[in-house]
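Residue-level structural notes
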Amino acid sequence: MEQKIKWAMNDLLGKTAKVSINFLSQKEIEKVKKFHESFPEYSRTPLRNLKNLATHLGVAGVYVKDESYRFGLNAFKVLGGSFAIANYLAQCLGKDISQLDYKNLVSDETRKQLGEITFATTTDGNHGRGVAWTASRLKQKSVVYMPKGSSITRLNNIKAEGAVAYITELNYDDAVRLTSENAKKNGWVVVQDTAWEGYEEIPAWIMQGYGTMAAEALEQLQEMNVDKPTHIFIQAGVGSLAGAVQGYFSSVFGEERPQTIIVESDQADCLYQSILANDGQPHAVTGDLNTIMAGLACGEPNTISWNVLRDYSDSFVSCPDWVAARGMRILGSPIKEDFQVISGESGAVTAGLLATIMTNEKMKEVRAKFGLNKNSKILLFSTEGDTDPEKYRDIVWDGKFPANE
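Residues numbered from 1 in each chain as written. Predicted model: local features only at pLDDT ≥ 70, side-chain atom pairs only at ≥ 80, totals over all residues. Heavy atoms only, no water.

As recorded in an unreviewed UniProt entry, the protein chain goes by the name Diaminopropionate ammonia-lyase, listed as coming from Pelosinus fermentans JBW45. Recorded in UniProt for the protein chain, the comment headed Cofactor (unreviewed entry) runs: "pyridoxal 5'-phosphate". (UniProt positions renumbered as here; feature names shortened; annotations may be inferred.)

For Leu-57, the location among the structural elements is in helix H2 (residues 51-57). By relative accessible area, Leu-57 is classed as buried at 6%. When the C-alpha positions of Leu-57 and Met-358 are compared, they lie 5.7 Å apart, and in sequence the two are 301 residues distant. Those residues in contact with Leu-57 that lie beyond four places of it in its chain are Val-62, Leu-354, Ala-355, Met-358 and Thr-359. (Helix = DSSP H or I, 4+ residues; strand = E, 2+ residues; numbered from the N terminus. Buried < 20%, exposed > 50% of the residue type's maximum accessible area, 1.4 Å probe, protein only. Contact = heavy atoms within 4.5 Å.)

This part takes up the pairing of strand E4 (residues 118-122). The side chains of a regular strand alternate, residue by residue, between the two faces of the sheet. Of all 5 residues that make up E4, 5 are buried, and the element is covered over most of its length. Side chains Thr-118, Ala-120 and Thr-122 of E4 all project onto a buried face; the interleaved residues Phe-119 and Thr-121 project onto the opposite face, where all are buried too. In this structure, E4 lies alongside strand E5 (residues 141-146), joined through 5 bridges in parallel fashion. When the sheet's bridge partners are listed, Thr-121 is paired in E5 with Val-144. Taken together, E4, helix H6 (residues 126-137) and E5 form a β-α-β motif whose crossover is right-handed. Both E4 and strand E7 (residues 189-190) contribute to a ladder of 2 bridges, which runs parallel. The residue of E7 that forms the bridge with Phe-119 is Val-189. (Pairing = 2+ DSSP bridges. Right-handed = clockwise from strand over helix to strand, strands pointing away.)

This part takes up the packing of aromatic side chains. Applying the stated criterion across every chain yields a total of 14 aromatic pairs. Centre to centre, the rings of Trp-7 and Phe-370 are 5.9 Å apart; their planes meet at 85°, and the pair counts as edge-to-face. Residue Trp-7 is found in strand E1 (residues 6-9), and its partner Phe-370 is found in helix H15 (residues 364-370); the two are separated by 363 residues along the sequence. Overall, the relative accessible area of 24% leaves Trp-7 in the partly exposed class. For Phe-370, a relative accessible area of 0% translates into the label buried. Three or more aromatic residues link up through ring pairs in this structure, and these residues are Phe-35, Phe-39, Tyr-42, Phe-71, Phe-83, Tyr-102 and Trp-133. Its end group placed over the ring of Phe-339, Arg-48 keeps NZ or CZ at 3.9 Å from the ring centre. Positioned above the aromatic ring of Phe-253 is the side chain of Lys-228, whose terminal nitrogen or guanidinium carbon lies 5.5 Å from the ring centre. (Phe/Tyr/Trp six-rings, centres within 6.5 Å; stacked < 30°, edge-to-face > 60°. Lys NZ or Arg CZ within 6 Å of the ring centre and 35° of its normal.)

A separate point is helix H12 (residues 303-312). Burial runs high along H12: 8 of the 10 residues are buried. Contacts from the buried residues of H12 go to helix H9 (201-223), helix H10 (240-253), strand E9 (259-265), helix H11 (270-277) and strand E10 (315-319). A distance of 2.8 Å separates the backbone nitrogen of Ile-304 from a side-chain oxygen at the start of H12, and that oxygen is part of Asn-302. (Polar contact = N/O pair within 3.5 Å; in protein donor to acceptor, adjacent residues only side chain to side chain.)

As a further point, take the domain arrangement of the protein chain. In terms of domains, the protein chain is made up of domain 1 (6-76 + 202-397) and domain 2 (77-197). Distance between the C-alpha centres of domain 1 and domain 2: 24 Å. Listed by partner, the interface residues are 45 residues for domain 1 and 44 residues for domain 2. Summed over both partners, the interface of domain 1 with domain 2 comes to about 3,600 Å²; 63% of that surface belongs to carbon and sulfur atoms. Contact with domain 2 buries area across many residues of domain 1, yet Phe-35, Leu-73 and Trp-205 alone supply 20% of it, more than any other trio. The partner of Glu-300 in a salt bridge is Arg-177, with the nearest N and O atoms 3.1 Å apart. Elements represented by at least two residues in the side of domain 1 that touches domain 2 include exactly helix H1 (26-37), H9 and H12. Counting residues per element, the side of domain 1 that touches domain 2 draws most heavily on H9, which supplies 9 residues. (Domains from an automatic or database assignment. Buried area = accessible area lost by both parts, 1.4 Å probe. Salt bridge = Lys/Arg side-chain N within 4 Å of Asp/Glu carboxyl O.)

Our focus in this paragraph is the layout of surface pockets. Roughly 380 Å³ of internal volume is contained in the largest pocket. Taken together, 18 residues line the largest pocket, and the ones lying closest to its centre are Lys-148, Gly-149, Ser-150, Thr-291 and Ala-294. Lining the lining of the largest pocket are residues from two domains, each supplying at least three of them: domain 1 (6-76 + 202-397) and domain 2 (77-197). Of the pockets and cavities examined, the second largest pocket occupies roughly 230 Å³. Lining the second largest pocket are 15 residues, with Arg-177, Thr-194, Ala-195, Trp-196 and Glu-300 sitting closest to its centre. Residue composition of the lining of the second largest pocket, by class: 8 nonpolar, 4 polar and 3 charged. Residue-level mapping places the lining of the second largest pocket at the junction of two domains, with at least three residues from each of domain 1 (6-76 + 202-397) and domain 2 (77-197). (1 Å grid on protein atoms, 1.4 Å probe; cavity = no way out; pocket = protein on both sides within 12 Å on 5 of 7 lines; lining within 4 Å. Points joined across faces, edges and corners; volume = space filled by probe spheres on them. Nonpolar A, V, L, I, M, F, W, Y, C, P; charged D, E, K, R; others polar.)

Below, the structure is given as structure tokens:
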């Protein structure tokens, strides 16, 4: 099997009118952030300034947002599910989310007005755990379906949050369809972080939820006297997270936005394939989507985020599993005084890619095309910790998935 990193510049950039990103503007995301701040568990996750790694790679800065600290759930996904569920409940109450906070939503009066609602989703682990956690906190119910091959540890973590949860015999995209069908039959509310025709409102809210992480990162960079990053490497499954980060930074900086590199697993590289097709349309990839990057194992792009990425992102990269494994080892074994970042398979692929681009002479052309040099200040998002501890140790301690350049 081919083990090479594949990349493509976005030839569609600037050729057509750009889709609106107003829903990801600073003003909108500030509202989202305010809602998240109302949870008793809220605190900003750390932004790690890896100075020694930056020196080693020959760049001006490497900054890693460590989402393993998010709400005690070891991953960023809860930001999207919690905001979408809250927005749905606000709509049921005939209110704007800015009029509600955590305390309002868990009050007996609100509970009486809403009755019992069941939220359903498909997940490889982190999103479902976030939905289950939120439903439980807001005194509602949840049902979670997982694709075949999902981690038992992740399944048990979801059940521990009070959800009814199953591992199916389907790939991710087929499991999404199953969730949708069962929700229709049972009157459940689908909270899915991908969009399709006729299902766009909740996925847009989920993307807005992820904006809290982007807003915190920019705030923290500016506290470090970095006005803005020159580059953002952001991983993508269906593209909701990537679209949220891209949309937020593009709305803040306009034409001066950082250069953004979208990073996928080569087993589920629907966005990369869509860019190669060069027709402006999203394209799916099919099959088992068999990658260690479980959070990125999605074959069909979110239609909302695809439009954002197509119109604002600079380049797209398709990575074999060894790139993610390298990133996990790099972040887990810091140089000198740099902070350790415990980063799972989907969280670390961008670090592995950046290190490979900067240290491998075969990637000289990529460095030049991406504009990576001694003045580059690079922002990365480690979106999960060791959400499957056994797999984490297999890779970081025992050397599974060695580099194969």
